[in-house]
Protein chains: 4
Amino acid sequence: MNKSRVEAFIDAIIAIVLTVLILEIKVPDEPSLKMFFSEWRMAFSYLMTFILVMFSWYVQHGMFLAIKRVKLGGFIGVCVWLFVLSFLPVTTAFVGRYPSYWGAELVYLMVALLWLLSAQLMSFLIIRENRDVPEMKEFIRRQAGSVMLTSNIIWTVVATALIFVIPEIGMLTPIVTVIIQIISNRHQSRQLSA
Amino acid sequence: MNKSRVEAFIDAIIAIVLTVLILEIKVPDEPSLKMFFSEWRMAFSYLMTFILVMFSWYVQHGMFLAIKRVKLGGFIGVCVWLFVLSFLPVTTAFVGRYPSYWGAELVYLMVALLWLLSAQLMSFLIIRENRDVPEMKEFIRRQAGSVMLTSNIIWTVVATALIFVIPEIGMLTPIVTVIIQIISNRHQSRQLSA
Amino acid sequence: MNKSRVEAFIDAIIAIVLTVLILEIKVPDEPSLKMFFSEWRMAFSYLMTFILVMFSWYVQHGMFLAIKRVKLGGFIGVCVWLFVLSFLPVTTAFVGRYPSYWGAELVYLMVALLWLLSAQLMSFLIIRENRDVPEMKEFIRRQAGSVMLTSNIIWTVVATALIFVIPEIGMLTPIVTVIIQIISNRHQSRQLSA
Amino acid sequence: MNKSRVEAFIDAIIAIVLTVLILEIKVPDEPSLKMFFSEWRMAFSYLMTFILVMFSWYVQHGMFLAIKRVKLGGFIGVCVWLFVLSFLPVTTAFVGRYPSYWGAELVYLMVALLWLLSAQLMSFLIIRENRDVPEMKEFIRRQAGSVMLTSNIIWTVVATALIFVIPEIGMLTPIVTVIIQIISNRHQSRQLSA
């Protein structure tokens, strides 16, 4: 397949999903700053998902930079990943509207985990098609996929228990994901240099 | 015409149509998981159309990779194809909201067939402008257009009869289309190697 | 400026405007084919604007293919053109909802003319920056700008009078514009070969 | 990072934000020109934000043309800038609906300033990563960042005081920003040639 065309297609979909997210923040029906700023919960959940999506874009961008080709298998991986992505606006709006409802937080947690898993599936499928690319080995090591995946699953289990006490904790998943990635990358670099 | 610009324009429109599809899944007016998941029918119809569009994107991508140029005729084919495509969100929402209403399923079936026909028209117009490209012959043979088209028309006729008994069957069209394509490609390969 | 980046930016905006157009066609509140197809007027006005936008995309695409550069002046022309373009969805929805109201048809006619004028302004500004490009002269002659512009202004005047008798005539403007372009191109070719 | 991919991603997001802006202009519920044109305030606020976004696109485009690379720091700058940008549709709709409410104008002023600050942050981060590019020095000097920033902050302070008397003044910020940029560029050119 035409790699740069697949990239551009991914970017267009991600750009639209990001922008659809903001559509949930509505103008109040009265000229009132109080009502306008009462949407801050929605804005916060938007910020969280924005971080998650941009982080994911950055990671996937690095992978596409390293690979040489995308075949049917990789494209199916991309489709699954984009399909899960397209549920982010609705779960973000759900959690933004009812931040203290554990059900909304649970859905948010689950879709975030599902997206991570689909990203791993996509990586797996695309890397398999690029085994001969020399930069690939280095890339896989740096990604520290398994460390990150395990940490994220642990976080999801812990957070799932916690949201029944403090529901709002579910929304922090994107920040936790970014922190996990940074720590596991550091851990990896230390091991590699040891 | 500038082939890569036409490609990028197609991709932008398809990306937006795909994302518009998801806008129909609404956040419930109450903090209730039951109400949230009552939208699963909409999500299912979205998944179906997602498969149809991605499959179509893949096939068209292969064609654009092989061709050398797009002229006015081919561009008109692209326009017709995109015009029919842009009706997918509304028919998907219709079938997702009333999955057991035969009328919605019928409209879904008809627009899916219309889209297939418009894709064939586009292929025909673009291939005609690229007759001198050597990869074209091989591409046409592999596509097995007539086998697939006949099979799809048969499916539409059968499904149209069946939706009066089991309406939900209409929604399965995308899966059937993908299966038909895979089988006809296999059939073609066997014939070519025989 | 980076010509291909300006092109991609234009395409993204046009793609979104095209898709926003279709959002006006709503799923009925009842499972009823009659109500679904009662939206045909909206679908027709959508088709008309779709033709206008695609036609305009094609003409502008030809110009961008021929030119070598875009400077600030040309970019301002592009901005004005895109600004007028972005009013097409609302005027299309207005005329689609009230096709027999002369006011809606008048607004549609005026925005269509305004868009044509802004396209002429854009062409003028961009061509001025590319005077040294040899293909430019040939391109200008083939475009037959003044013949087309005059014809379109005459159409607008005539249609403005007619919509008080048969309002629906305003919606036909896109088809008339395309026909005018085809005829003036032919006229031009004949004059050039004479 | 892949510079042209980052550019295309930025452009997709900006294109969507621009188009989302226009969605706020609604078709009236009655066939009435009076009601249609009563949306002129919304259209005016849309025009203002359109100018601000296009101006910003132009400036950022110039920077991306000059630079050689984008790294993680610059990408974070881009993310912050795009995040602030994505709030423009809602503040524009707020100010368009209640143009004589000082609260809406204040929010509009603040988000516009925040966007300018985030653009400065992005420039700073990206320029730092491109210190070795020879065109960079010339670019920075021409931009006259500090003169422009100071002028804009002064404008925000003055306008914040004025909106309690004439609220509508807040909406003029985009025009003021453009004028400040033009004047500071001229001032800079004169100093450089002195």
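Since we're looking at a predicted model, the values are computed, not measured.

Criteria and thresholds
- Residues numbered from 1 in each chain as written.
- Chains lettered and ligands numbered in written order.
- Predicted model: local features only at pLDDT ≥ 70, side-chain atom pairs only at ≥ 80, totals over all residues.
- Heavy atoms only, no water.
- Helix = DSSP H or I, 4+ residues; strand = E, 2+ residues; numbered from the N terminus.
- Buried < 20%, exposed > 50% of the residue type's maximum accessible area, 1.4 Å probe, protein only.
- Contact = heavy atoms within 4.5 Å.
- Lys, Arg positive; Asp, Glu negative; His and termini not counted.
- Charge placed at Lys NZ, Arg CZ, Asp CG, Glu CD.
- Least-squares fit on C-alpha atoms with pLDDT ≥ 70 in both.
- UniProt positions renumbered as here; feature names shortened; annotations may be inferred.
- Core = buried A, V, L, I, M, F, W, Y, C linked by side-chain atoms within 4.5 Å.
- Polar contact = N/O pair within 3.5 Å; in protein donor to acceptor, adjacent residues only side chain to side chain.
- Buried area = accessible area lost by both parts, 1.4 Å probe.
- Salt bridge = Lys/Arg side-chain N within 4 Å of Asp/Glu carboxyl O.
- Axes fitted to C-alpha atoms, helices over the stretch in contact; angles between N-to-C directions.
- Parallel < 35°, antiparallel > 145°, perpendicular 65-115°, else oblique.
- Nonpolar A, V, L, I, M, F, W, Y, C, P; charged D, E, K, R; others polar.
- Phe/Tyr/Trp six-rings, centres within 6.5 Å; stacked < 30°, edge-to-face > 60°.
- Lys NZ or Arg CZ within 6 Å of the ring centre and 35° of its normal.
- Expected span 1.5 Å × (residues − 1).
- Patch = residues over 30% accessible without salt bridge, like charges linked within 9 Å, V, L, I, M, F, W, Y side chains within 5 Å.
- Areas by Shrake-Rupley, 256 points an atom, 1.4 Å probe, with all protein chains shown as cover.
- Left-handed = near helix turned anticlockwise from the far one by under 90°.

K.L.:
Help me out: how do you make sense of the overall build of chain A in this one?
P.N.:
From N to C terminus, chain A includes nine helices and zero strands. Out of the 194 residues in chain A, the part that is buried amounts to 59%. When contacts within chain A are restricted to residue pairs at least 6 apart in sequence, those whose partners lie at least 24 apart make up 83%. Looking at chain A, you have 16 positive and 12 negative side-chain charges, and the mean spots of the two groups are 11 Å apart.

K.L.:
Would you mind showing me how to read the relation of the copies chain B and chain C here?
P.N.:
In this structure, two copies of a chain are linked by a rotation about an axis accompanied by a shift along it. Relative to chain C, chain B is turned by 90 degrees and slid 0.0 Å along the rotation axis, the superposed coordinates differing by an RMSD of 0.0 Å. With respect to symmetry, the two chain copies, as superposed, fit the operation of a four-fold axis. When C-alpha positions in chain B are compared against the rotation axis, the closest is assigned to B:Ala12, at 4.4 Å.

K.L.:
Whenever I open this one, the UniProt feature "transmembrane region" (unreviewed entry) in chain A confuses me. Can you help?
P.N.:
In the numbering adopted here, UniProt assigns the feature "transmembrane region" (unreviewed entry) to residues 7–23, 43–60, 72–94, 106–127 and 147–166 of chain A. Between the first and last C-alpha atoms of residues 106–127 of chain A the distance is 31 Å; the span itself is 100% helix and 0% strand.

K.L.:
Please explain the nonpolar core as it appears in this structure.
P.N.:
Considering soluble globular proteins, one finds that nonpolar side chains tend to be buried as a cluster. With 244 residues, the main nonpolar core has A:Leu82, B:Leu82, C:Leu82 and D:Leu82 as its most contacted residues. Not counting residues up to four positions away in its chain, the partners in contact with D:Leu82 are A:Phe50, A:Met54, D:Ile10, D:Ile13 and D:Ile14.

K.L.:
I would appreciate a short explanation of the arrangement of the chains in the present structure.
P.N.:
Across the gap from chain A to chain C, with no contact made, the nearest C-alpha atoms are 9 Å apart. You won't find any contact between chain B and chain D; their C-alpha atoms come no closer than 9 Å.

K.L.:
What is the right way to look at the side chain of D:Ser32 in this model?
P.N.:
Structurally, D:Ser32 is set in the loop between helix H1 (3–22) and helix H2 (33–37). A distance of 2.9 Å separates the side chain of D:Ser32 from the backbone nitrogen of D:Met35, its partner in a polar contact. Every residue in contact with D:Ser32, bar those within four places of it in the chain, is listed here: C:Phe94 and C:Tyr101.

K.L.:
Could you clarify how one ought to interpret the interface of chain A and chain B in this entry?
P.N.:
Note on interface size: it is often stated as the accessible area lost on association of the parts. Listed by partner, the interface residues are 27 residues for chain A and 32 residues for chain B. Taken over both partners, the interface formed by chain A and chain B buries close to 2,700 Å², and the fraction arising from carbon and sulfur atoms is 79%. When the buried surface of chain A facing chain B is broken down by residue, A:Arg5, A:Phe9 and A:Phe83 rank first, second and third, together holding 27% of it. Here chain A is connected to chain B by two salt bridges.

K.L.:
Explanation requested: the relation of the copies chain A and chain B in the structure shown.
P.N.:
Once chain A has been moved 0.0 Å along the axis and rotated by 90 degrees, it coincides with chain B to within an RMSD of 0.0 Å. Of the residues that chain A buries at the interface, just 4% are likewise interface residues in chain B, meaning the two copies contact each other through different surfaces.

K.L.:
I'm lost on the packing of helix H1 (residues 3–22) of chain B against helix H4 (residues 72–85) of chain B in this one. Help?
P.N.:
Each pair of packed helices can be summarised by the angle the axes make with each other and by the distance between the axes. Residues and elements named next belong to chain B. In the contact formed by H1 and H4, the axes pass within 11 Å of each other and the chain directions differ by 10 degrees. Compared by their axis directions, H1 and H4 come out roughly parallel. For the pair H1 and H4, contact is made by Ile10, Ile13, Ile14 and Val17 and by Val78, Trp81, Leu82 and Leu85, respectively. Across the contact of H1 with H4, the residue classes tally to eight nonpolar, no polar and no charged.

K.L.:
Is there a simple way to think about the packing of aromatic side chains in this case?
P.N.:
What describes a pair of aromatic rings is the distance from one ring centre to the other and the angle between the planes of the rings. The tally for this structure, following the rule as stated, stands at 60 aromatic pairs over all chains. Where C:Phe83 meets D:Tyr46, the ring centres are 5.3 Å apart and the plane angle is 20 degrees; that geometry is what we call stacked. In this pair, C:Phe83 sits in helix H4 (residues 72–85) while D:Tyr46 sits in helix H3 (residues 40–66), so the two residues belong to two different chains. Looking at A:Arg5, its charged tip hangs above the ring of B:Phe64, at a distance of 5.5 Å from the centre.

K.L.:
How do you make sense of helix H1 (residues 3–22) of chain C when you look at a structure like this?
P.N.:
For H1(C), spanning 20 residues, the distance from its first C-alpha to its last is 30 Å, which sits close to the expected 28 Å at 1.5 Å a residue. By the criterion of burial, H1(C) is predominantly enclosed, with 17 of the 20 residues buried.

K.L.:
Hey, could you run me through a positive patch on the surface in this one?
P.N.:
A cluster of basic residues, A:Lys26, B:Lys26, C:Lys26 and D:Lys26, forms a positive patch at the surface. Structurally, the position occupied by D:Lys26 is in the loop between H1 and H2.

K.L.:
Would you take a moment to explain the packing of helix H5 (residues 88–97) of chain C against helix H6 (residues 102–128) of chain C for this structure?
P.N.:
Residue and element names in this part refer to chain C. Closest axis-to-axis distance for the H5/H6 pair is 8 Å, and the angle between their directions is 150 degrees. Considering the angle they form, H5 stands roughly antiparallel to H6. Judged by the sense of rotation from one axis to the other, the crossing of H5 with H6 is left-handed. Facing H5, whose interface residues are Leu88, Thr91, Thr92, Phe94 and Val95, H6 presents Ala104, Glu105, Val107, Tyr108, Val111 and Trp115. The residue makeup of the contact of H5 with H6, split by class, is eight nonpolar, two polar and one charged.

K.L.:
Any chance you could explain the pattern of salt bridges here in plain terms?
P.N.:
Evaluated as defined, the whole model comprises 16 salt bridges over all chains. Linking A:Asp132 and A:Arg69 is a salt bridge whose minimum nitrogen-to-oxygen distance equals 3.1 Å. Of this pair, A:Asp132 sits in the loop between helix H6 (102–128) and helix H7 (135–143) while A:Arg69 is found in the loop between helix H3 (40–66) and helix H4 (72–85), placing the two residues 63 residues apart along the sequence. Here C:Arg5 makes a salt bridge to D:Glu7, at a shortest N to O gap of 3.9 Å. Taken together, the positions of C:Arg5 in helix H1 and D:Glu7 in helix H1 put the pair across two chains. The burial state of C:Arg5 is the same as that of D:Glu7; both residues are buried.

K.L.:
So what exactly am I meant to see when it comes to the interface of chain B and chain C here?
P.N.:
Across the contact, 27 residues belong to chain B and 32 residues belong to chain C. When chain B packs against chain C, close to 2,700 Å² is buried across both sides, 79% of that on carbon and sulfur atoms. If you sort the residues of chain B by the area they bury against chain C, B:Arg5, B:Phe9 and B:Phe83 come out on top, with a joint share of 27%. Applying the counting criterion to the chain B and chain C interface returns two salt bridges. Where chain B meets chain C, there are seven residue pairs in polar contact (both at pLDDT 80 or more). When contributions to the side of chain B that touches chain C are tallied by element, the ones reaching two or more residues are H1, H4, helix H5 (88–97) and helix H6 (102–128) of chain B. Across the side of chain B that touches chain C, the residue classes break down as 21 nonpolar, four polar and two charged.

K.L.:
Help me out: how do you make sense of a nonpolar patch on the surface in this one?
P.N.:
Residue and element names in this part refer to chain A. Residues Trp40, Phe44, Leu172, Ile175, Ile179 and Ile183 make up a contiguous nonpolar surface patch of roughly 550 Å² in combined accessible area. For the nonpolar patch, the elements supplying multiple residues, two or more each, are H3 and helix H9 (173–193). Considering each element in turn, the nonpolar patch owes the most residues, three residues, to H9. Note on placement: Leu172 falls in the loop between helix H8 (145–162) and H9. Given a relative accessible area of 33%, Leu172 falls into the partly exposed group.

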